Amino acid sequence: MRKRVQLHNLQPDDLRGMISAQYIRDSTKQQAEGNGPEAQRMANRSFVQRYGLVDSGLEYEEYVSGTSLEHRVQLRQAIHDLALGRYQVLLVAWTHRISRSMEDAPKIQREITEAGGILVYSAQNMISGARSSSLGEKIHHVLDEEYSEKLSATIAG
């Protein structure tokens, strides 16, 4: 039986007993970034333990740019499985792991909510769409997109 909660007032402690899965994203397998796959897994596991979620064992991992939703096969699969009721909470370590686009981030959050799920940024301790996280989440998405734009400009030379 699925535990139903109001997203607007949701707090991490309200997630206790809910079934979780994790989404891991990096641009490339070779990327030696401090926020790589293992750091993401550690943040997600820590959140599960701290707030008493149930780990489904489902992990969606892909190596694709966060600047668009193109080629996000594993993210699409995660949302599909969520809609099928295989889990309730999708854990993503940081906002920039789900998207580096201010336009795409709310689309993803909306899709997850419409599928009956909850998106959590585990390392940032934020529940996407919750009132307590609203401003912080928006600020992070702005900074994530700015980082991406600066990186593109630097690469373009």
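Here goes a summary of the coordinates provided. (Residues numbered from 1 in each chain as written. Predicted model: local features only at pLDDT ≥ 70, side-chain atom pairs only at ≥ 80, totals over all residues. Heavy atoms only, no water.)

## Section: empty space enclosed by the protein
- Within the structure shown, the criterion is met by one cavity of 30 Å³ or more.
- Of the pockets and cavities examined, the largest cavity occupies roughly 50 Å³.
- The wall of the largest cavity is formed by Ser20, Ala21, Gln22, Asn44, Arg45, Val48, Asp55 and Leu91.
- Secondary-structure elements contributing two or more residues to the lining of the largest cavity are strand 1 (19-26) and helix 1 (37-51).
- Grouping the amino acids of the lining of the largest cavity by side-chain chemistry returns three nonpolar, three polar and two charged. (1 Å grid on protein atoms, 1.4 Å probe; cavity = no way out; pocket = protein on both sides within 12 Å on 5 of 7 lines; lining within 4 Å. Points joined across faces, edges and corners; volume = space filled by probe spheres on them. Helix = DSSP H or I, 4+ residues; strand = E, 2+ residues; numbered from the N terminus. Nonpolar A, V, L, I, M, F, W, Y, C, P; charged D, E, K, R; others polar.)

## Points about the nonpolar core
- Tyr23, Leu75, Tyr87, Leu90, Val92, Ile98 and Ile112 are the most contacted members of the largest nonpolar core, which totals 18 residues.
- Counting only elements with at least two residues in this core, the list comes to strand 1, helix 2 (73-83), strand 3 (89-92), helix 4 (104-114) and strand 4 (118-121).
- Broken down by element, the residue count for this core peaks at four residues, all from helix 2.
- Ignoring sequence-local partners within four residues, the contact set of Leu75 consists of Tyr23, Glu62, Leu69, Leu90, Ile98 and Ile108.
- Grouped together as the second largest cluster of nonpolar side chains are 13 residues, Leu10, Met18, Val48 and Ala130 included. (Core = buried A, V, L, I, M, F, W, Y, C linked by side-chain atoms within 4.5 Å. Buried < 20%, exposed > 50% of the residue type's maximum accessible area, 1.4 Å probe, protein only. Contact = heavy atoms within 4.5 Å.)

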